[in-house]
Structure formats: structure tokens, C-alpha cells
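# A structural walkthrough
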Amino acid sequence: MSSVGDHWERIWSPHRKEYNEKLAQGDFECPFCAIPKNSDSESLILSRGEYSYVVLNRYPYNPGHLLICTFRHVGEYLELSDEEITEITMLTRKSLRALRAVNSEVNFNIGINQGRIAGAGIPEHFHQHIVPRWQGDSNFMPVVGGTKVLSQMLDETREILVKLWPDSD
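Criteria and cut-off values
Residues numbered from 1 in each chain as written. Predicted model: local features only at pLDDT ≥ 70, side-chain atom pairs only at ≥ 80, totals over all residues. Heavy atoms only, no water. Helix = DSSP H or I, 4+ residues; strand = E, 2+ residues; numbered from the N terminus. Polar contact = N/O pair within 3.5 Å; in protein donor to acceptor, adjacent residues only side chain to side chain. Contact = heavy atoms within 4.5 Å. Axes fitted to C-alpha atoms, helices over the stretch in contact; angles between N-to-C directions. Parallel < 35°, antiparallel > 145°, perpendicular 65-115°, else oblique. Nonpolar A, V, L, I, M, F, W, Y, C, P; charged D, E, K, R; others polar. Patch = residues over 30% accessible without salt bridge, like charges linked within 9 Å, V, L, I, M, F, W, Y side chains within 5 Å. Areas by Shrake-Rupley, 256 points an atom, 1.4 Å probe, with all protein chains shown as cover. Salt bridge = Lys/Arg side-chain N within 4 Å of Asp/Glu carboxyl O. Buried < 20%, exposed > 50% of the residue type's maximum accessible area, 1.4 Å probe, protein only. Pairing = 2+ DSSP bridges. Disulfide = S-S within 2.5 Å. Phe/Tyr/Trp six-rings, centres within 6.5 Å; stacked < 30°, edge-to-face > 60°.

### Some remarks on the side chain of His127
Positionally, His127 belongs in strand β5 (residues 127-133). A polar side-chain atom of His127 sits 2.9 Å from the main-chain carbonyl oxygen of His125. Setting aside anything within four residues of it in sequence, one finds His127 in contact with Phe32, Leu67, Ile68, Cys69, Ile112 and Ile122.

This is the structure:
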């Protein structure tokens, strides 16, 4: 590790290569449109509504990082219908309840990165982040190692949250 300039060690993510190549060739299917075409367990979907769905983020900031995505391929919040906005709100509440059932002490960052300049990785398709913040989740690894440690496989996290998913809001 260099003590001057770029001090971050690299974490290899070869799974991103195929995504980047398809994007560069214009052979790109929006992942938020593709996700619901697969089974819920394969795609890590926790719940499907009429207009939107809740899925575990494959590249999470923290364990339990969820995304609420519209089925409709639309980028702007202002383009959402009243029905979509209402359902996203209800799925947000259910997501928070399921995560609180895992740990009552959890807090949340809830956010929408609207547009590429604002940080949206896929600005063409609306999605909202729910990032659980656990007591002590900022340990030495992000500070010293420049990385986070996720203590559980995503499919295991999905199984726990599916069992704890509220039937009503």
C-alpha cells in the first residue's frame, strides 16, 4: 500500500466487466427492468406490488440495503403516477418494519439520487435506497481498509427479511 497519493487498495469486482462491456456496446438491458423477470429468490426480491418491488441491493453500502424500484421504466420522480408514489411509500414502511424486526435499534438512510449528476448509477429508472444503519456499522474496515465487511450472504439476508415481511402496513 502506497503512503503517498492513491492510498486505496483495490477490490476486484469482475462481475462488473460484463455489465460495463454491454453498456459500452449499447447492448444494455436496464437491470431494474430485468430483475423482476426472474424468480424472487434468484433476483433477491422481497416483495412485489402492483407498480413497484423491493429488492436487496447486490452492491450494498450496508447489510440489508434495499432498493424500491418501479416496474415501469421511468427516470424522474416527477414522472411517477400517484399510484406509484403511494405504493413506494407503503413499501418503504414495510421495508422499515421488516428491518426493525431484525434489530429494533436500526436507523435508516432513505434516499433518491435523481439524475447522474446527483449520483444515480442508473438514472433512467427510478429507484429509492433504504440503507440500514446498525450500531457500530462504521468500524475500522472503512476507515483503515477502505472497504466494508458484509457478515452475511445476500440470499441469507433475503430469507430472513422475507420471513419478517409485514402482511399489512
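### What about the environment of Lys94?
Examined against the element boundaries, Lys94 turns out to sit in helix α4 (residues 82-102). Separated by 40 residues in the primary sequence, Lys94 and Val54 place their C-alpha atoms 9.7 Å from one another.

### Examining the packing of α4 against helix α6 (residues 154-164)
Where α4 meets α6, the closest approach of the two axes is 9 Å, and the angle between their N-to-C directions is 110 degrees. Considered as vectors, α4 and α6 are oriented roughly perpendicular to each other. Residues Ala98, Leu99, Ala101 and Val102 of α4 form the contact with α6, whose own contacting residues are Ile160, Leu161 and Leu164. Residues belonging to the contact of α4 with α6 are distributed by class as follows: seven nonpolar, no polar and no charged.

### Notes on a nonpolar patch on the surface
Together, Tyr77, Leu78 and Ile112 give the surface a local cluster of nonpolar side chains, amounting to about 320 Å² of exposed area. Among the structural elements, Leu78 can be located in the loop between β3 (66-70) and α4. By relative accessible area, which is 79% here, Leu78 ends up exposed.

### With respect to the sheet that holds β5
The five strands are arranged β1-β2-β3-β5-β4 in an open sheet whose pairing can be described as antiparallel. Of all strands in the sheet, those bounded by a partner on one side alone are β1 (45-48) and β4 (107-111). Here the strands of the sheet are splayed against their neighbours by 20 degrees on average, with no regard to which way each runs. In terms of strand pairing, β1 meets strand β2 (residues 52-56) through three bridges, oriented antiparallel. Along β2, the bridge assignment pairs Arg48 with Tyr53. Each of β1, β2, β3, β4 and β5 is contacted by α4, which is oriented at about 160 degrees to β3, the strand it contacts most.

### Some details on the state of the cysteines
The final tally for this structure, using the stated rule, is zero disulfides. You can see Cys33 has no disulfide; the closest cysteine sulfur is in Cys30, sitting 3.9 Å from it. The class for Cys33 is partly exposed, based on a relative accessible area of 22%. Counting only cysteine sulfurs, Cys30 is the nearest neighbor of Cys69, a cysteine outside any disulfide, at a range of 8.3 Å.

### Concerning the packing of aromatic side chains
Enumeration over the complete set of coordinates arrives at two aromatic pairs. Each ring, one from Tyr53 and one from Phe71, has its centre 5.3 Å from the other, and the planes form 35 degrees; the classification is tilted. With a gap of 18 residues between them, Tyr53 in strand β2 and Phe71 in the loop between β3 and α4 connect regions that are remote in the sequence. Residue classification places Tyr53 among the buried residues on the basis of a relative accessible area of 0%. The class for Phe71 is partly exposed, based on a relative accessible area of 28%. Consider the rings of Tyr77 and Phe126, whose centres lie 6.0 Å apart with planes at 50 degrees: the pair is tilted. Here Tyr77 is found in the loop between β3 and α4, whereas its partner Phe126 is found in the loop between β4 and β5, with 49 residues between them in sequence.

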